[in-house]
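# What the coordinates show
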Amino acid sequence: MADLYPVPPQAQASSPSRVTSLEAYASLCRAIAADPDAWWVAEARRRLAWADPPTRGLDGSFHDVVDSPVAWFADGRLDVTASCLDRHLATRGDKPAIVWEGDEPGTTRTLTYRELHAEVCRTANALAALGLRKGDRAILYMGMVPEAAIAMLACARLGAIHSVVFGGFSAEALRDRVLDCGAELVITQDEGRRGGRSIPLKATTDEALAGLTEVRHVLVLRHTGAEVGWQAGRDVWWHEAVAPAAPTHEGVICEAEDPLFILYTSGSTGRPKGLVHTRGGYLAWTSFTHELVFDLREDDVYACVADVGWITGHSYIVYGPLCNGATTLMFESTPLHPDPGRYWDLVERHGVTVFYTAPTAIRTLAAAGDHHVTAHDLSSLRVLGTVGEPINPEAWRWYHEVVGQGRCAVVDTWWQTETGGMMIAPLASATPTKPGSATLPLPTVQATIVDAQDRVLRGPGQGRLCLTEPWPGVARTVWGDHARYVATYFSQHPPWYFTGDGCRRDADGYHWITGRVDDVLNVSGHRIGTAEIEAALVTVDAVAEAAVVGFPHDVKGQGVMAFVVLQPGEQGGSTLEASLQQACRTGIGAHARVDRLQLVPGLPKTRSGKVMRRILRKVAEGDVSSLGDTSTLADPGVVDVILADAGLSR
Ligand code: 7RM
């Protein structure tokens, strides 16, 4: 087949013990399938440093999730930071663990495993002194600084549960999360830096916490030195608490199934859900997938340029790489600062070998011109990864040819906050690739495609992607609301986990993710629920009702289109538009904005009052040739007005 890219010589397996071919991949899948419990117990014992090694693999099944979450390695006990730090000291003490590159090019800091271990211990001691105990929740509202990773690990070492809130979220969004998880501690910075701008993290934290007595302390890292407000008794400087603390700390031993972190993610309805990941299974899965997919090598300089506020940052900047003893790069800036050559400057100066980013960044940089890439020496690169949204074949080829100069393996990795780690992805060392396809399920992953009538598709076909068997990294529940977890993921195609994504499988068994089939948007790799944007829009007084849908966007993947019904007597215009954007910024964050707005006299609703989004999606896509049956609408005339105003005709 013309569009099949073989594994380039440079990416072929680093050692015979690795997966070197599709046959070897298939035989690994078979070996696991023959006895998944035995295989995974051995793998988890080998991969992690346990206080009490597990003897049990999977407990429970997706059939029983209504009553109890699945469990992995349930009789094992561990301190996850022993796997990420302590056990590397003997062999990798002087190896760089975190290489940090700040917002301005060339501002760097390196922490060896020994140094990182000492900082995590100091911080754990400081957090313990502030009262943080096993099982307590701490919210981290930080930018991309090494202390974000240090704080995550320090919480983990105490057996506490962290919840990182992306630094772009608004005060309101932060407050919701603090309240939902019952955090007693917030860790933040004076300011973040990104793309030459300052982000007022402490000021936003103060606004979020106004009037809340539940949060007893705010630990503040001084990063830019900006003046910040101060609440005596509550606020504590990081340098005053951490620097004098002892550099040793005995990690708290937890059950494998004790929660490690909560991460909030958008769904098709309601407020964001706090997905709960636990310790043993999550660490085993991120470590396994990170090594296997990238064919990780001891001397790799590995760079994932995601933000720690998203799952990609948790799994593939912090936990997976550190568990594997890798050198992981943390990047504070953006791909465009100071110019579109920044990533490639980063690769050249640090000798990056594995580079992992999102399709939206690749499209942006491809549009900026090849000279930004070719000006740099990228000969260190071996593997190029993508994650977050479907990658269009043109962007894939540009990444492969211009960035990778045809020498690098491109791994398009499909996974979700809920899956903890990668699920469908090529193995850099073994899987021939096709531009736009995430290729094959990883060993242990049982991917099934079902049609709308719930029939399982065999062979090629397109439908809804389900995962039929538990894997160690699956999120166990939604914090405080197990019923919502069951309703969201296990009620559509029971007893299977439903991903919310559509998927096509071709004749070679390769998977092509077609995007969300629910009301979740993916804007520049950021997951946003249409319901969240609608809730923000209706906070504007002039707005009576709003419906939001996505439309294909060249750079962002998806753009946001809002259909807004105004209150009687209200008018559109730039003032209204500004207040709608401000409402999104206040309710959600700076990354949520409306790209296109159409004022409409009413929303197309069924007689039972349900908005027919199918119609609005077609309008947003600009193709209304097949609108389908509109006779069940309460007021079919509304559609004619919407089409006429949009300049469309059936
Ligand atoms: C890791 C992450 C999850 C959603 C998922 C998909 C989409 C992610 C790919 C992808 C096509 C990919 N977690 N998605 N990776 N679509 N190809 N390689 O992104 O929870 O924030 O988003 O992202 O729709 O359901 S996430």
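For clarity, every value in this text was computed on a predicted model and none was experimentally measured. (Residues numbered from 1 in each chain as written. Predicted model: local features only at pLDDT ≥ 70, side-chain atom pairs only at ≥ 80, totals over all residues. Heavy atoms only, no water.)

## Concerning the overall build of the protein chain
Helix and strand counts for the protein chain come out as 20 helices and 30 strands. Relative to a compact globule of 650 residues, whose C-alpha radius of gyration would be 26 Å, the protein chain shows 24 Å and is just as compact. C-alpha atoms of the protein chain, sized along the principal axes, occupy 75 × 65 × 55 Å. Buried residues in the protein chain amount to 59% of all 650 residues. Of all intrachain contacts in the protein chain linking residues separated by at least 6 positions in sequence, the fraction that spans at least 24 positions is 71%. Just so you have it, the protein chain exposes about 23600 Å², and 51% of that area is on carbon and sulfur atoms. Of the side chains in the protein chain, 58 bear a positive and 76 a negative charge, and the two mean positions are spaced by 2 Å. (Helix = DSSP H or I, 4+ residues; strand = E, 2+ residues; numbered from the N terminus. Rg over C-alpha atoms; globule rule 2.2 N^0.38 Å. Buried < 20%, exposed > 50% of the residue type's maximum accessible area, 1.4 Å probe, protein only. Contact = heavy atoms within 4.5 Å. Areas by Shrake-Rupley, 256 points an atom, 1.4 Å probe, with all protein chains shown as cover. Lys, Arg positive; Asp, Glu negative; His and termini not counted. Charge placed at Lys NZ, Arg CZ, Asp CG, Glu CD.)

## Focus on helix H8 (residues 201-209)
Taken as a whole, H8 has its buried residues at Leu201, Lys202, Thr204, Thr205, Ala208 and Leu209. Around the axis of H8, the buried residues are gathered within 160 degrees of arc, so they sit on the same side. Gly211 occupies a position one or two residues after H8 and carries a positive phi of about 80 degrees. (Arc of directions from axis to C-beta.)

## A short note on the packing of helix H1 (residues 22-34) against helix H2 (residues 36-47)
Running from amino to carboxyl end, H1 crosses H2 at an angle of 105 degrees, the nearest separation of the two axes being 5 Å. Between H1 and H2, the crossing angle belongs to the class labelled roughly perpendicular. Between H1 and H2, the contacting residues are Leu28, Ala31, Ile32, Ala33 and Ala34 on the first element and Pro36, Trp39 and Trp40 on the second. In terms of residue class, the contact of H1 with H2 is built from eight nonpolar, no polar and no charged. (Axes fitted to C-alpha atoms, helices over the stretch in contact; angles between N-to-C directions. Parallel < 35°, antiparallel > 145°, perpendicular 65-115°, else oblique. Nonpolar A, V, L, I, M, F, W, Y, C, P; charged D, E, K, R; others polar.)

## Things to note about the sheet that holds strand S22 (residues 461-467)
Spatial strand order, S21-S22-S24-S25: four strands in an open sheet with antiparallel pairing. Two strands bound the open sheet, and with one partner strand each, they are strand S21 (447-450) and strand S25 (511-516). In this sheet, neighbouring strand axes are inclined to one another by 45 degrees on average, regardless of whether the strands run parallel or antiparallel. Inspection of the sheet shows strand S24 (residues 497-505) paired to S25 by five bridges, in the antiparallel sense. Within S25, the position partnered with Arg505 by the bridge is His511. (Pairing = 2+ DSSP bridges.)

## Brief notes about the site of the ligand
Every one of the 17 residues lining the ligand counts as a neighbour, but Asp412, Thr417, Asp501, Arg516 and Arg527 are closest to it. Glu389 has a polar backbone atom sitting 3.4 Å from a nitrogen atom of the ligand. Coverage of the ligand by the protein chains reaches 95% of its 530 Å² of free accessible surface. Put simply, the parts of the chain that give the shell around the ligand at least two residues each are helix H11 (311-323) and S25. Residues of the shell around the ligand, tallied by class, amount to six nonpolar, six polar and five charged. (Near = heavy atom within 4 Å. Polar contact = N/O pair within 3.5 Å; in protein donor to acceptor, adjacent residues only side chain to side chain.)

## Overview of the sheet that holds strand S4 (residues 96-101)
Consider a sheet: its strands pair through backbone hydrogen bonds, and that pairing is either parallel or antiparallel. Taken in spatial order, the seven strands make up an open sheet running S5-S4-S17-S16-S18-S19-S20, and their pairing is mixed. The sheet is open, and its two borders are formed by strand S5 (108-112) and strand S20 (409-412), each paired with just one other strand. Strand-to-strand twist in this sheet, taken as the mean axis angle between neighbours without regard to direction, amounts to 20 degrees. The pairing of strand S19 (residues 383-386) with S20 spans four bridges and is classified as parallel. Across the sheet, the residue bridging to Val383 is Ala409, located in S20.

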